[in-house]
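Descriptive structure summary
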Amino acid sequence: MDRSTTVAYTSTQRALHWITALAVIALLAAGLAMNSVGPGPLMNRLYVVHWSLGVTVFPLVLARLAIRFSRPAPPLPADMPGWQRLAAHANHWVLYAILLVNPVLGYLTKSAFGGPVTYFWIVDLPPAIDKNRALFDQLSSVHIVLGFTMIAAIAAHVGAALYHGVVRRDGILSRMVTG
Ligand code: HEM
Ligand code: HEM
């Protein structure tokens with residue numbers, strides 16, 4: 001596709017961005033809370049919220065990537081320094097990579113722990129692999145490290161978005177809001 005024909009994110013891309021963003025922020029909040037409230041009904045509920053939002057995000061990310069590979073991002077301002085372009089691209093692809101890998105890893109982690117993945121108290125999704133305590137420990141470590149890497153990437157991402165929207169006012173924030 002000719003890059004010059006992409007002038008803006010489509011409304012579908014923008015909707016998918018904000019739905020994913022809200023779901024990811026909520027699942028991270030639930031993830032941090034579920035491991036600090038201590039065992040009990042609240043912890044169990046937070047786990048179900050975390051799994052369910054993670055499972056929901058996965059097809060949304062597949063849809064986003066399918067659109068993104070057929071339609072390049074609109075070009076960045078011509079006067080943007082090279083390191084900022086590089087940082088923006090690296091940040092976006094790190095986010096996409098973790099968005100793609102971590103729901104799968106999380107599903108495997110929960111499966112290795114044992115029992116189904118309850119989806120919003122509606123349906124119990126079957127475990128993908130057999131219960132395995134040693135594997136659970138390993139999968140869980142990778143899942144958590146990637147989760148915290150994502151938190152750092154989101155912090156940089158939101159900081160940059162606000163810098164563009166409030167300090168530079170160069171249209172980068174508004175093209176993901178109003179198009
Ligand atoms: C984008 C998707 C996801 C992200 C970014 C993510 C992130 C995280 C983070 C940051 C933690 C650590 C919380 C803490 O220790 O304070 C965590 C824990 C966990 N997540 Fe996810 N998660 C995602 C999807 C999923 C999914 C889909 C499932 C299961 C179906 C899942 C299952 C788990 C489990 C079982 C733990 C607890 C691991 C343990 O305590 O050893 N996650 N997740
Ligand atoms: C809530 C605060 C957020 C704000 C203000 C925000 C803002 C933006 C903006 C303005 C862009 C467009 C950048 C450009 O056109 O070059 C963008 C792109 C992107 N955002 Fe966010 N975002 C937020 C949260 C998130 C979260 C939580 C995620 C994922 C975990 C995320 C993932 C992405 C990705 C992957 C892109 C690249 C889109 C593409 O070109 O394919 N964003 N964001």
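We now turn to the structure provided with this report.

How each quantity is defined
- Residues numbered from 1 in each chain as written.
- Chains lettered and ligands numbered in written order.
- Predicted model: local features only at pLDDT ≥ 70, side-chain atom pairs only at ≥ 80, totals over all residues.
- Heavy atoms only, no water.
- Helix = DSSP H or I, 4+ residues; strand = E, 2+ residues; numbered from the N terminus.
- Near = heavy atom within 4 Å.
- Polar contact = N/O pair within 3.5 Å; in protein donor to acceptor, adjacent residues only side chain to side chain.
- Nonpolar A, V, L, I, M, F, W, Y, C, P; charged D, E, K, R; others polar.
- Donors = N, O, S within 2.8 Å, 3.2 Å for Na, K, Ca; no water.
- Tetrahedral: all angles 85-135°; square planar, octahedral: opposite > 155°, others 65-115°.
- Buried < 20%, exposed > 50% of the residue type's maximum accessible area, 1.4 Å probe, protein only.

Observations regarding unusual backbone geometry
Negative phi characterises most residues that are not glycine, and trans characterises most peptide bonds. Unlike most non-glycine residues, Phe-120 shows phi in positive territory, near 45°. Mapped onto the elements, Phe-120 comes out in the loop between strand S1 (117–119) and strand S2 (123–125). One non-glycine residue with positive phi stands out, namely Trp-121, at about 60°. With respect to the helices, strands and loops of the structure, Trp-121 is situated in the loop between S1 and S2.

Topic: the site of ligand 1
In the vicinity of ligand 1 lie 22 residues, with Gly-31, Asn-35, His-50, Ser-140 and His-143 positioned nearest. Between ligand 1 and the protein, one listed contact pairs an oxygen atom with a side-chain N or O atom of Ser-140 at 2.5 Å. Side-chain polar atom of His-143 to a nitrogen atom of ligand 1: 2.7 Å apart, as the coordinates give it. Going through the elements one at a time, helix H1 (11–34), helix H2 (41–70), helix H3 (82–113) and helix H4 (133–168) are the ones with two or more residues in the shell around ligand 1. Of the residues forming the shell around ligand 1, the biggest block, six residues, is contributed by H4. Here the residues of the shell around ligand 1 sort into 13 nonpolar, nine polar and no charged.

Observations concerning the site of ligand 2
Looking at ligand 2, there are 23 residues lining it, with His-17, Arg-68, Tyr-96, His-157 and Arg-175 nearest. The side chain of His-17 places a nitrogen or oxygen atom 2.8 Å from a nitrogen atom of ligand 2. At a separation of 2.6 Å, an oxygen atom of ligand 2 approaches a polar side-chain atom of Arg-175. Within the residue set of the shell around ligand 2, elements represented by two or more residues are H1, H2, H3, H4 and helix H5 (174–177). Taken together, the residues of the shell around ligand 2 break down into 17 nonpolar, three polar and three charged.

Topic: the coordination of the iron atom of ligand 2
Coordination of the iron atom of ligand 2 by the protein involves His-17 (NE2) and His-157 (NE2), with metal-donor separations of 2.0 Å. Between the six donor atoms coordinating the iron atom of ligand 2, the angles at the centre fall across 87 to 179°, so the site counts as octahedral. Taken together, the residues span a long stretch of sequence, with His-17 in helix H1 and His-157 in helix H4 at a distance of 140 residues. Looking at His-157, the relative accessible area reads 23%, which means it is partly exposed.

Comments concerning the coordination of the iron atom of ligand 1
The coordination sphere of the iron atom of ligand 1 contains the protein donors His-50 (NE2) and His-143 (NE2), at a distance range of 1.9 to 2.0 Å. Coordination geometry of the iron atom of ligand 1: the six donor atoms subtend angles of 87 to 179° at the metal centre, consistent with an arrangement described as octahedral. Here His-50 is found in helix H2, whereas its partner His-143 is found in helix H4, with 93 residues between them in sequence. Note on His-50: relative accessible area 13%, which makes it buried.

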